[in-house]
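Survey of secondary and tertiary structure
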Amino acid sequence: MAKNLVVTGGAGYIGSHVAVDLINAGHDVLIIDNFVNSHPKAIERIKEIAPGRIDLLERDLANADHADEIVDAIKTFGADGAVHLAGLKAVGESVEKPAKYYSTNIGSALTLIRALEAANAKSLVFSSSATVYGDYNDNPVTEDGETGATNPYGRTKLFIEEILKDIARADNDWKIVNLRYFNPVGAHPSGKIGEDPNDIPNNLFPYIAQVAIGRREKLTVFGNDYATRDGTGVRDYIHVCDLARGHVKALDWLSGQKNGVVKDINLGAGVGYSVLEAVSAFKRASNRDIPYEIAARREGDIAEIYADAGLANELLNWKAEKSLEEMCADHWRWQSQNPNGYKTD
Ligand code: WQD
């Protein structure tokens, strides 16, 4: 059934892919984004891929001066629910600037909760992260694994999960899913939308892609002395289109649930690949060399983590379908068609 859905951070990497899938599923979308880590051109590209109703509100959910206007806009839109992706996500930056991360990520969530209550639209899919698991669990990690983030970014995700659980305990009208993403990579096969980090990429795939396109000289591999099959870090890479589809499935599932439900669900492929395996796959996909040097471990990194995605399959009838080769090929198509991301200068 078509719904009016708010997508916060909808101009961002994951948000733009989620917006495309929601529109293609027949929903109307209100994107709230302040473009602090995204670009207005992404909205145009979403419309090219998925013609449909997209309203845009360029406001900052973390800015108290914007809160009343955001609440009114969500009520006027007639929201039925929301997907909350807006937030800062650089692990390293969060260690240097914890107060900025707590005020931005938690402040944004609290403003959205207030707005959804005012609009009586108490259905929410929250963009959480596998970072909440820290390094405390055997792999594959299940949703009842121990949580304890190892950095302020991950702690904001964990705290927001707990805030949402408290909200639902206090008001049984809420229905909430916390989607714990593993490592989203790749891009829409059209090559029109993709990951476009500001400045130097924090994450592996955008960095590799910028080396392949010639914007960066070489990749720095953060450590090759981990207890993994080749000594480099192992992560569960999931195609961003598989991830986006998981959001549509989560919203559909929520609409069939009783009030008061709050569920944590992993979105991962259930397979781990090392840094060097990812480099090799990207070389094959791009037919470009990816020079790299081995350096010391990055503070806060863990050796290996990958998901048990059985609950998503059981509840949402969802599983990741795209291979590492497809992730690399689609990421490369986006990067080679958009050497400077959305900036065309
Ligand atoms: C992957 C592997 C690095 C960069 C992040 C954060 C968060 C999350 C996405 C949403 C690790 C290695 C990386 C580089 C490297 N977003 N690496 N050289 O740290 O697993 O998690 O995932 O939740 O942003 O939680 O992702 O891509 O930074 O690192 O060697 O230049 O690549 O050591 O082993 P991470 P990542």
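See the structure shown above.
Reading the values: the criteria
- Residues numbered from 1 in each chain as written.
- Predicted model: local features only at pLDDT ≥ 70, side-chain atom pairs only at ≥ 80, totals over all residues.
- Heavy atoms only, no water.
- Helix = DSSP H or I, 4+ residues; strand = E, 2+ residues; numbered from the N terminus.
- Buried < 20%, exposed > 50% of the residue type's maximum accessible area, 1.4 Å probe, protein only.
- Salt bridge = Lys/Arg side-chain N within 4 Å of Asp/Glu carboxyl O.
- Near = heavy atom within 4 Å.
- Polar contact = N/O pair within 3.5 Å; in protein donor to acceptor, adjacent residues only side chain to side chain.
- Areas by Shrake-Rupley, 256 points an atom, 1.4 Å probe, with all protein chains shown as cover.
- Nonpolar A, V, L, I, M, F, W, Y, C, P; charged D, E, K, R; others polar.

With respect to the secondary-structure elements, Gly12 resides in the loop between β1 (4–8) and α1 (13–24). Among the residues examined, Gly12 registers a relative accessible area of 14% and is labelled buried. Along the chain, Gly12 and Leu57 lie 45 residues apart, while their C-alpha atoms are 14 Å from each other.

Moving on, we come to the pattern of salt bridges. The tally for this structure, following the rule as stated, stands at 26 salt bridges. Between Lys122 and Asp171 there is a salt bridge, with the nearest N and O atoms lying 2.6 Å from each other. Taken together, the residues Lys122 in the loop between α5 (98–118) and β5 (123–129) and Asp171 in the loop between α6 (152–170) and β6 (175–181) connect sequence positions 49 residues apart. In this structure, the salt-bridge partner of Lys165 is Asp264, at a minimum N-O distance of 2.8 Å. Residue Lys165 is found in helix α6, and its partner Asp264 is found in strand β11 (residues 262–267); the two are separated by 99 residues along the sequence. We classify Asp264 as buried; its relative accessible area is 14%.

It is worth spelling out the site of the ligand at this point. Around the ligand, a shell composed of 19 residues is seen, among which Tyr153, Leu204, Thr220, Arg235 and Asp301 lie nearest. At a separation of 3.0 Å, an oxygen atom of the ligand approaches a polar side-chain atom of Asn203. At a separation of 2.9 Å, an oxygen atom of the ligand approaches a polar side-chain atom of Arg298. Against a free-state accessible area of 700 Å², the protein chains account for coverage of 92% of the ligand. Per element, the largest residue contribution to the shell around the ligand is 4 residues, and it comes from strand β8 (residues 219–222). Its residues placed into classes, the shell around the ligand shows 8 nonpolar, 7 polar and 4 charged.

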